[in-house]
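Here is what each chain is made of, one letter per residue.
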Amino acid sequence: MDFETERQQTPGAGFSPWRLSVAPMMDWTDRHCRYLHRLITRGTLLYTEMVTTGALLHGDQGRHLDFNAEEHPVALQLGGSEPEDLAACARLAERWGYDEVNLNCGCPSERVQRGAFGACLMAEPQLVADCVRAMREATTLPVTVKHRIGIDRIESYAFVRDFVGTVAAAGCEVFIVHARNAWLQGLSPKENREIPPLRYELVAQLKRDFPHLTIAVNGGLKTADEIAAQLAVVDGVMVGREAYHEPWSMARWDSRFFGQPDPAESREQVEQAWLAYLDRLHVAGQGWAYAMRHALGLWNGTPGARRWRQVWSDHRLKTLPPREVAERATAARLSGLAVAA
Ligand SMILES: Cc1cc2nc3c(=O)[nH]c(=O)nc-3n(C[C@H](O)[C@H](O)[C@H](O)COP(=O)(O)O)c2cc1C
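All figures in this text were calculated on a predicted structure; none of them were measured in a lab. (Residues numbered from 1 in each chain as written. Predicted model: local features only at pLDDT ≥ 70, side-chain atom pairs only at ≥ 80, totals over all residues.)

(A) Inspection of the UniProt feature "active site" (unreviewed entry) in the protein at higher detail. Annotation from UniProt places "active site" (unreviewed entry) at Cys-107. When you line up the elements, Cys-107 lands in the loop between strand E4 (100-105) and helix H6 (110-114). The exposure class assigned to Cys-107 is buried, which follows from the 26 C-beta atoms found within 10 Å. (UniProt positions renumbered as here; feature names shortened; annotations may be inferred. Helix = DSSP H or I, 4+ residues; strand = E, 2+ residues; numbered from the N terminus. Buried ≥ 20, exposed ≤ 12 C-beta atoms within 10 Å, placed from the backbone.)

Printed below as a string of structure tokens:
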């Protein structure tokens, strides 16, 4: 195949790598989850869960960093605030074959604040700039930052504008902006994803003020039409919870947003390919239930989905080969259909 044909057939070719992405989500976007998402969309960039520099430098690197080749393009998200540690981790990201390394400046959890990173870093733009500079010197991978529009009750646009300006001066060219404040006291991380109001207009303003930077918006976006509306204003859209809970919502993203054929025509096709993956885990003695939890939403919105999910969630079936469980789950789903009909 000549280069041009190959280029045209590469999903996402000709578009910003950040045009669409699935958000980093702790306990959710592990390698199994990303494998599932990749069966549904090829052009979308996938993020890991946040991995702290401490866990990487002192823990089991393979456990944190290994991924399936099929997951590309995949970005490693780091949590930390020590430039040298982040640089060492950026080097590891490159060695492991990641496509990007991202610094978390948006997580409000208290555990993360005690480590003095995450959203509280937004109060220290110069430190973030130092981190970014150190990471850029350590790797040729793109170094990107995910952050909020403000912290606590700081509502002014100037705060996030100056944050982006300072960090961009250190060489960061890509900003993924969760379009709400992080309230560092009094709200749980979950509430911090729901209660502070969404203000997309601030992200649009960032794009106007920094036209040379790549600006992607995140927070509360669900439908393809909402994504399209944002893409008319900013360079990219990152979707978190909707992609996780409703994986099939990504099924037409490649054709609509990348002008490429969608990898799966139907949910059945995804289920078959996913079963082959679960089989491999089962045969390797790794157990499939932990991976399967990410796929429980696959049939959501169709008749019988709840029965299908119930079978797959039944702990008594966890040791069976996944294909046996799949047969039962499909039978349950279709019996749901018969009842509905
Ligand atoms: C379970 C869960 C875990 C999350 N973990 C992370 C994380 O590790 N790093 C991060 O930057 N954001 C994390 N987030 C925030 C998401 O990346 C995203 O910014 C947020 O959910 C808003 O996007 P959404 O409305 O599309 O879900 C997490 C969100 C959820 C629901």
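(B) Inspection of the domain arrangement of the protein at higher detail. What the domain assignment reports for the protein is domain 1 (3-258) and domain 2 (267-340). For domain 1 versus domain 2, the distance between C-alpha centres works out to 30 Å. The leading source of residues in the side of domain 1 that touches domain 2 is helix H2 (residues 31-40), at six residues. Split by residue class, the side of domain 1 that touches domain 2 holds seven nonpolar, two polar and one charged. (Domains from an automatic or database assignment. Nonpolar A, V, L, I, M, F, W, Y, C, P; charged D, E, K, R; others polar.)

(C) Local environment of the site of the ligand. Near the ligand lie 23 residues; those nearest to it are Ala-23, Met-25, Met-50, Gly-240 and Arg-241. Elements supplying a minimum of two residues to the shell around the ligand: strand E2 (45-52) and helix H11 (241-245). Its residues assigned to classes, the shell around the ligand comprises nine nonpolar, eight polar and six charged. (Near = placed C-beta within 6 Å.)

(D) Fine view of the nonpolar core. If you look at the biggest cluster of nonpolar residues, it comprises 94 residues, and the most contacted ones within it are Ala-90, Val-101, Val-132, Met-135 and Val-177. Examining the composition of this core, we find that seven residues originate from one element, helix H7 (residues 125-138), more than from any other. (Core = buried A, V, L, I, M, F, W, Y, C linked by C-beta atoms within 7 Å.)

(E) Molecular detail of the environment of Pro-24. Inspection of the secondary structure puts Pro-24 in the loop between strand E1 (20-22) and H2. Residue classification places Pro-24 among the buried positions, given that 26 C-beta atoms sit within 10 Å. For the pair Pro-24 and Val-239, spaced 215 residues apart in sequence, the C-alpha to C-alpha distance is 9.3 Å. With residues up to four places along the chain from it excluded, the contact list for Pro-24 reads Thr-29, Tyr-47, Thr-48, Glu-49, Met-50 and Gln-77. (Contact = placed C-beta atoms within 7 Å.)

(F) Looking closely at the sheet that holds E1. In space, the eight strands of this closed barrel follow the order E1-E2-E3-E4-E5-E6-E7-E8, with parallel pairing throughout. Between one strand axis and the next, the sheet turns by 25 degrees as a mean value, whatever way the strands run. With three bridges joining them, E1 and strand E8 (residues 236-239) adopt parallel strand pairing. Within E8, the residue paired with Leu-20 across the bridge is Val-237. The strands touched by H7 within the sheet are E4 and strand E5 (143-148), with E5 carrying the most contacts at an inclination of about 155 degrees. (Pairing = 2+ DSSP bridges. Axes fitted to C-alpha atoms, helices over the stretch in contact; angles between N-to-C directions.)

(G) Quick peek at unusual backbone geometry. Following His-72, the chain continues into Pro-73 via a peptide bond in cis, with omega recorded as -5 degrees. Despite not being glycine, Asp-27 shows a phi value in the positive range, around 70 degrees. Relative to the elements of secondary structure, Asp-27 occurs in the loop between E1 and H2. Classification of Asp-27 as exposed rests on a count of 8 C-beta atoms within 10 Å. Positive phi outside glycine occurs at Asp-152, with the angle close to 50 degrees. Here Asp-152 shows up in the loop between E5 and helix H8 (157-169). A residue is classified by how many C-beta atoms lie within 10 Å of it, and Asp-152, with 17 of them, is partly exposed.

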